[in-house]
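Residues per chain are reported as follows:
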Amino acid sequence: MELATLYNPHGVEERWQRIWEAERLYHADPEQPGETFVIAVPPPNVTGALHMGHALNGSIQDALIRMHRMQGYNTLWQPGFDHAGIATQAVVERELRNEGTSRLDIGRDAFVERVWAWLREYGGVIMSQFRTLGCSLDYERERFTMDDGYVRAVMRFFVHLYARGWLFRDNRIVNWCSDCRTSISDLEVEHIDVDDALTYARYPLMNGEGSVTVATVRPATILADVAIAVHPDDERYTQLIGKDVKVPVVNRTVQVIADERVDPAFGTGALKITPGHDPIDFEIGRDHGLEELTVIGLDGRMTGDVPEEYAGKTEDEAAELVVQWLKDHDQLEKRESYRHAVGHCERSGTRIQPLVSLQWWCDMKPMAQAAIDAIESGRVTFHPPAQNRVALDWLKNIRPWNVSRQLWWGHQLPIWYCPDGHVTCADTEPGACAECGSADLTRDEDVLDTWFSSALWPFATLGWPEDTPELRRYYPGDVNSTAREIIFLWEARMVMAGLELLGDIPFHDVIIHSTILAPDGRRMSKSLGTGIDPRELIGKHGADATRYGLLKMSSTQDVRFAEQQIEEGRRLANKLWNASRLLLLGGGERAASEPSSVEERWILARIDATRAGVEADLAAFDFSHAVERLYHLIFDDFCDWYLEAIKPRLDDAQTRATAFAALERVLKLLHPVMPHVTEEIWSHLPQRESRLIVAPWPEAADESAGGEIERAQTAARIYRRSGVRIALEGDAQRIFEAVVRPTGDGEGDLAAELGRVRNEIERSERMLANEKFVANAAPEVVDAERQKLEQYRAELDALGS
């Protein structure tokens, strides 16, 4: 069956995805030989759909996996889902509200079963979308962080940390989302600039000698004030330190204290201290032994010890009452506009309420130190290198981690309490209290923060805590690839947990891939209308073209989306298809490297040089330059020069055999980036011994290329630009005529062309002589300019002759 006249990616791509999976070509077998290459992809949320970051990350990882598979590695690309506690619970709770009921109405067990039912119907769609992209994940090994085995691993981890003495229960300040009704981590808080009013309130001195004015954006929390703090070096207030003042509205007597954490430049330099509703105030309060009053409840409304007219009000409603009280009592100095960043829950968009709550916490510093040592010693390396510092800064400043969440969907804490309040921690339900022997035990209702499941992913997916063949064979892994915001959510935690539980790092390289912005430079967002759905791109251009384009864009950490790069990928697929069809139409019984002409030796040398370059690029995780090399090899060298040069001899069997050998190597090099079109062409080639996906990667070749092609190419550039013909002879003349097919007498303006080339040489030499340009410009820009200069000098030599 010959290749179709036109390449249509859609039927081809779906068919090969089915074939590869049906033939188990993605499957990792621990019994098979070979050095391992392992990527345990940070799992997407089970509720998620493919977005641009997923598509780029999938393309990056698949390129690495496919190349290593062809190089003979025993590869494992581990797929799976995260249970996404808050997001999943929110979806199901919304369904229940639409039905006129709630989780509280139906109870915990029924709610959890409802979540499972929803997941069976709607969850996990992103895995089929990864298939559409062509990702060669080992789908047979798909894991879920709520699998029975995974739950056992999470419980074991918690018990291990408890035994180490790193888990403790304490009333501490948390980020509370009154919509999700749970605490969330600092990493789940999105800081958004908002316009507020800065209220300046007078706090009268109890000795009657004036007042202290305090500026606040949260007047409602005045009701929970327990002190006024000033900087010890602020001369405006040194005489007031130790004096008592009266809190407005509630008439509470509090003291003026000194603390270096006060910013003298904010407001009046005097800070109201509300430990129950502000993280910094909480730390100051703990250090000074202050009371921790709370006046805002879990529902975001005023509660606790407040005047009757405030009870049940929202914070905004209470703030209006406080401001009115200040006006009525001549204690409102002024109000002014104030723009600042305020924490919001990234899931619900609700403004965060800092609240003091009794929660379980983990002291992270011991595990963090081991991870710091691994990064500083180079055992774990982030790419680009600047991200090493980002990871280290976070690890070195890590605080106790709030590990409990007030949800019903997730890993329930393995903590039991007896009536006397004793704590028993066990990974299976204990029969009695470990301290007093009481059989009357109640399990903690909270669930664990998802960092517990994320930390275990590289080895819990392999069967830990059991000693499985997979765990022995595939741990530690090799590479992890993710976005910047996941450094803390997953990467650092996986390193900490791997070192603590298995004594080894889970991977040695972490790729922090590009963030693809909207074409106008804004972040991609559905709400902003700037989002671009990669599934639409696949539908329009095909998966191969989409993969190519995304990799081509990934040159720096922040890049603007450019659909023309994906269109370039589509053109490349079409160009390769048409070139392959040309060869196949001539018939082909065998593929053999038997070069007998200049152009044959040249193309084999160019292919090998590209192989070496692509291997170096991918080893450095430089995917943009890798695909650029492949584009020039295929579009320029293979199609526009080599095939055009051999066209007059395509009826020769030896010429066709060498052409098929060259095409085989080209297809192998391109396969990790564009797997479907290359496999489809491969399936039509003569003497195939396997699918392309598992065909051997091209070995290094000892091919030398003469200068005839370069001379012909130099002459072609000059002729196409100016009409000037360069004197050539022999193979250079033959190749020039075959490829360029010149018309006319070639008498362009030689003097004008000489002048243009000399000007370009002078310009390029000036740029390269500029030390600032060479030192500050991107290395690839400097290299490109050097290549241009070399090209211009070759053109000048040719014109001079």
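Worth saying up front: this structure is predicted, and the values here are computed from it rather than measured.

## Re the sheet that holds strand β13 (residues 332–345)
Sheet architecture is open: three strands sit in the order β8-β7-β13, paired in antiparallel fashion. Each edge of the open sheet carries a strand with a single partner, namely β8 (211–216) and β13. Averaged over neighbouring strand pairs, the angle between their axes works out to 20 degrees when direction is ignored. Direction of pairing for strand β7 (residues 189–204) relative to β8: antiparallel, over a ladder of six bridges. When the sheet's bridge partners are listed, Tyr203 is paired in β8 with Val212.

## A short note on the pattern of salt bridges
What the rule picks out here adds up to 61 salt bridges. One salt bridge in this structure joins Arg66 and Asp62, with 2.7 Å as the shortest N-O distance. One end of the pair, Arg66, and the other, Asp62, are both in helix α2 (residues 52–70), four residues apart, so they sit about a helical turn from each other. Each member of the pair, Arg66 as well as Asp62, is classed as buried. Measuring nitrogen to oxygen at the nearest pair gives 2.8 Å for the salt bridge that ties Arg611 to Asp608.

## Side note on empty space enclosed by the protein
This model, assessed by the stated rule, comprises four cavities of 30 Å³ or more. Taken as a whole, the largest cavity encloses approximately 60 Å³ of empty space. For the largest cavity, the lining is made up of 13 residues, of which Val38, Ala40, Pro458, Gly477 and Pro506 are closest to its centre. Those elements that provide at least two residues to the lining of the largest cavity are β1 (36–40) and β22 (479–482). It is β1 that contributes the most residues to the lining of the largest cavity, three residues altogether.

## Quick word on the packing of helix α3 (residues 85–98) against helix α5 (residues 108–122)
Close contact between α3 and α5 brings their axes to 10 Å; oriented N to C, the two are set at 100 degrees. Considering the angle they form, α3 stands roughly perpendicular to α5. Across the interface between the two elements, Thr88, Gln89, Val91, Val92, Glu93, Glu95 and Leu96 from α3 touch Phe111, Arg114, Val115, Trp118, Leu119 and Tyr122 from α5. When grouped by side-chain class, the residues that make up the contact of α3 with α5 number eight nonpolar, two polar and three charged.

## A look at the sheet that holds strand β19 (residues 423–425)
Taken together, the three strands give an open sheet; going across it, the order is β19-β18-β20, and neighbouring strands pair in antiparallel fashion. The open sheet has two edge strands, β19 and β20 (442–443), and neither has a second partner. Of the strand pairs in this sheet, strand β18 (residues 415–417) and β19 are connected by three bridges, and their pairing is antiparallel. When the bridges of β19 are listed, Ile415 appears paired with Cys425. Docked against the sheet, helix α7 (residues 148–163) engages β18, β19 and β20, running at close to 130 degrees with respect to β19.

## What to know about the side chain of Glu188
Looking at the secondary structure, you find Glu188 in the loop between β6 (182–184) and β7. Here Glu188 is buried and forms no salt bridge, its nearest opposite-charge partner Arg405 lying at an N-O distance of 4.1 Å.

## What to know about the packing of aromatic side chains
For the structure shown, the criterion picks out 25 aromatic pairs. With centroids separated by 5.6 Å and ring planes inclined at 85 degrees, the aromatic side chains of Phe459 and Trp464 adopt a geometry described as edge-to-face. Comparing Phe459 with Trp464, the two get one shared label, buried. Relative to Phe635, the ring of Tyr631 has its centre 4.9 Å away and its plane inclined at 15 degrees; by these criteria the two rings are stacked.

## Quick word on the nonpolar core
Buried together is how nonpolar side chains tend to be arranged in soluble globular proteins. Leu64, Phe623, Phe638, Tyr642 and Leu663 are the most contacted members of the largest nonpolar core, which has 126 residues in total. With 15 residues, the top contributor of residues to this core is helix α19 (residues 623–646). Formed by 65 residues, the second largest nonpolar core is a distinct cluster that contains Met367, Leu395, Tyr417 and Leu462.

## Some words on α5
Think of an α-helix as turning once every 3.6 residues; residues three or four places apart then point the same way. Relative to the 21 Å expected for 15 residues at 1.5 Å per residue, α5 spans 21 Å between its end C-alpha atoms, a close match to the ideal helical length. Every buried residue belonging to α5 is among Arg108, Phe111, Val115, Trp118 and Leu119, and all of these are buried. End-on view of α5: buried residues confined to an arc of 100 degrees, all on one side of the axis. Exposed residues pointing more than 90 degrees away from the buried face of α5 are listed as Asp109, Arg120 and Glu121. Gly124 occupies a position one or two residues after α5 and carries a positive phi of about 75 degrees.

## Let's talk about the environment of His632
Mapped onto the fold, His632 is located in helix α19. You can call His632 partly exposed: its relative accessible area is 36%. Separated by 453 residues in the primary sequence, His632 and Asp179 place their C-alpha atoms 54 Å from one another.

## Side note on helix α15 (residues 534–541)
Buried within α15 are the following residues: Pro534, Leu537, Ile538 and His541. The arc that holds every buried residue of α15, seen down its axis, measures 100 degrees, which confines them to one face. Looking at the buried positions of α15, the neighbouring elements they touch are α1 (9–22), α2, α6 (125–133), α16 (543–553) and α17 (563–585). Directly after α15, the chain includes Gly542, whose backbone phi takes a positive value near 100 degrees.

## Observations concerning the packing of helix α18 (residues 598–619) against α19
Contact geometry for α18 and α19: axes closest at 9 Å, N-to-C directions at 175 degrees. Classified by the interaxial angle, the pair formed by α18 and α19 is roughly antiparallel. When α18 is examined against α19, the residues Glu599, Glu600, Trp602, Ile603, Arg606, Ile607, Thr610, Gly613, Val614, Asp617 and Leu618 are found in contact with a partner set consisting of Phe623, His625, Ala626, Arg629, Leu630, Leu633, Asp637, Phe638, Trp641, Tyr642, Ala645 and Ile646.

## With respect to the pairing of strand β5 (residues 167–177)
Examined bridge by bridge, β5 and strand β14 (residues 353–362) share ten bridges and lie antiparallel to one another. For Asn175, the partnering residue across the bridge sits in β14 and is Pro354. The hairpin turn running from β5 into β6, its antiparallel successor, is four residues long, and Arg181 in that turn takes a positive phi close to 60 degrees.

## Some thoughts on the side chain of Ser357
Note on placement: Ser357 falls in strand β14. At a separation of 2.9 Å, a polar atom in the side chain of Ser357 contacts the side chain of Gln359. Residues contacting Ser357, with those up to four places away along its chain left out, are Asp170, Asn171, Arg172 and Val174.

## Structural notes on unusual backbone geometry
The amide bond that connects Trp464 to the next residue, Pro465, takes the cis arrangement and shows omega of 15 degrees. Here the amide bond leading from Tyr475 into Pro476 is cis, since omega sits at 0 degrees, within 30 degrees of zero. Looking at the secondary structure, you find Pro476 in the loop between α13 (469–474) and β22. Located in the positive-phi region is Phe621, a residue other than glycine, with phi close to 60 degrees. With respect to the helices and strands, the residue Phe621 is situated in the loop between α18 and α19.

## Let's talk about the pairing of β7
The side chains of a regular strand alternate, residue by residue, between the two faces of the sheet. Here β7 runs beside β13; their pairing, made up of 13 bridges, is antiparallel. Directly across from Val189, in β13, lies its bridge partner Cys345. What sits between the antiparallel neighbours β7 and β8 is a turn of six residues, in which Gly208 has the positive phi angle 80 degrees.

Rules and cut-offs
- Residues numbered from 1 in each chain as written.
- Predicted model: local features only at pLDDT ≥ 70, side-chain atom pairs only at ≥ 80, totals over all residues.
- Heavy atoms only, no water.
- Pairing = 2+ DSSP bridges.
- Helix = DSSP H or I, 4+ residues; strand = E, 2+ residues; numbered from the N terminus.
- Axes fitted to C-alpha atoms, helices over the stretch in contact; angles between N-to-C directions.
- Salt bridge = Lys/Arg side-chain N within 4 Å of Asp/Glu carboxyl O.
- Buried < 20%, exposed > 50% of the residue type's maximum accessible area, 1.4 Å probe, protein only.
- 1 Å grid on protein atoms, 1.4 Å probe; cavity = no way out; pocket = protein on both sides within 12 Å on 5 of 7 lines; lining within 4 Å.
- Points joined across faces, edges and corners; volume = space filled by probe spheres on them.
- Parallel < 35°, antiparallel > 145°, perpendicular 65-115°, else oblique.
- Contact = heavy atoms within 4.5 Å.
- Nonpolar A, V, L, I, M, F, W, Y, C, P; charged D, E, K, R; others polar.
- Lys, Arg positive; Asp, Glu negative; His and termini not counted.
- Phe/Tyr/Trp six-rings, centres within 6.5 Å; stacked < 30°, edge-to-face > 60°.
- Core = buried A, V, L, I, M, F, W, Y, C linked by side-chain atoms within 4.5 Å.
- Expected span 1.5 Å × (residues − 1).
- Arc of directions from axis to C-beta.
- Polar contact = N/O pair within 3.5 Å; in protein donor to acceptor, adjacent residues only side chain to side chain.

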